[in-house]
Amino acid sequence: ADRRRPSQPMLMWVSDGWDAELYYDNGKSKYNRLNIVMVIDAYNDYIMGYAIGERECSELIIEAYRDAIYHAEALFGIPLMPWQIQSDNYAKKSLLPYYSAICKDYTPARVGNAKEKVIEQYFRTIQSKLQLLPNYSGHNITAKKQVNDDFINMNAKNGLIPDREGVIRQLQALVEVERAEKRAALYRGWDERVKEKVIMLDRGKYLLQFGEKSRGN
């Protein structure tokens, strides 16, 4: 059942953190990577929200959902929260109040079976879009299939391995391209009657849990 897509947008959001396969040079090493937490609408893998940091953590997850809530309101013109949220079990106990504040039904993936989430499949598809970048790192830092070190060293020598801010810009650009490609389909799937299923966001309840902290990377 978890692999079935919802019939309309805003019925199910799925989130996870991903160590982006893009190296950046911090002045000491050129083999550094950032983590991006994404919140996607499972209707068509539209990126509703995201946050970029050094590693996945509760604060980064909350920031990604805050971004998703703001972006959903910008898209549909009304403050909405999704009917269902699915995540892995990372910090589930401490994050439960936050998930519960912005959805009707919070459903963590079954323990030991995180790969059932549609976002895991999505990460594999967007990885292919990074492979032509000069700082592409390979599948992950411990995988057997890696980019040749000579390739990375050559690109570093030629100034093609960006700094941290450069990788952030690469990931931001990826998100914007993905959103642009899927936005029309998201709107086509939107039916005003979905508001009968999707709950209007209680701003007071939202602010109690999330606050109005400044958004950024």
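Positions within a chain are numbered from 1, following the residues in the order the chain's sequence is written. A pLDDT threshold of at least 70 governs which residues receive local features in this predicted model, and a stricter bar of 80 or more applies before side-chain atom pairs are shown or counted, although totals over entire chains, interfaces and linings include all residues. To get the side-chain values, all heavy atoms of the structure are used, and hydrogens and water are removed first.

Caption draft 1: Local environment of the environment of R4. To qualify as a helix, a DSSP run of H or I must reach at least 4 residues; to qualify as a strand, a run of E must reach at least 2; elements of each kind are numbered from the N terminus. Along the chain, the position of R4 falls in the segment before β1 (12-19). In this structure the C-alpha to C-alpha distance between R4 and V118, which are 114 residues apart in sequence, comes to 8.7 Å.

Caption draft 2: Structural detail: the pattern of salt bridges. When a carboxyl oxygen of Asp or Glu lies within 4 Å of a side-chain nitrogen of Lys or Arg, that pair is called a salt bridge. Summed over all chains, the structure comprises nine salt bridges. K129 serves as the salt-bridge partner of E181, at 3.2 Å between the closest nitrogen and oxygen. With E181 in helix α5 (residues 164-189) and K129 in the loop between α3 (118-127) and α4 (149-157), the pair connects residues that are 52 residues apart, well separated along the chain. Salt bridges linked by common partners bring K129, E178, E181 and K182 together as one network.

Caption draft 3: Spatial organisation of the sheet that holds strand β2 (residues 35-41). One requirement defines pairing of two strands: DSSP has to find at least two bridges between them. With mixed pairing, the five strands of this open sheet are ordered in space as β3-β2-β1-β5-β6. A single partner strand is all that each edge strand has here, and the edge strands are β3 (46-53) and β6 (105-108). Put simply, the sheet's adjacent strands are angled 20° from each other on average, direction ignored. Of the pairings in the sheet, the one linking strand β5 (residues 84-87) to β6 comprises four bridges and is parallel in character. In the sheet register, I85 faces β6, and the bridge partner there is Y106. Any two residues whose heavy atoms approach within 4.5 Å are treated as being in contact. Axis definition: a line fitted to C-alpha atoms, over the contacting stretch in the case of helices. Angles run 0 to 180 degrees between N-to-C directions. Sheet strands touched by α3: β1, β2 and β3. Its angle to β1, the strand with the most contacts, is close to 50°. α5 contacts β2 and β3 of the sheet and is inclined by roughly 170° relative to β3.

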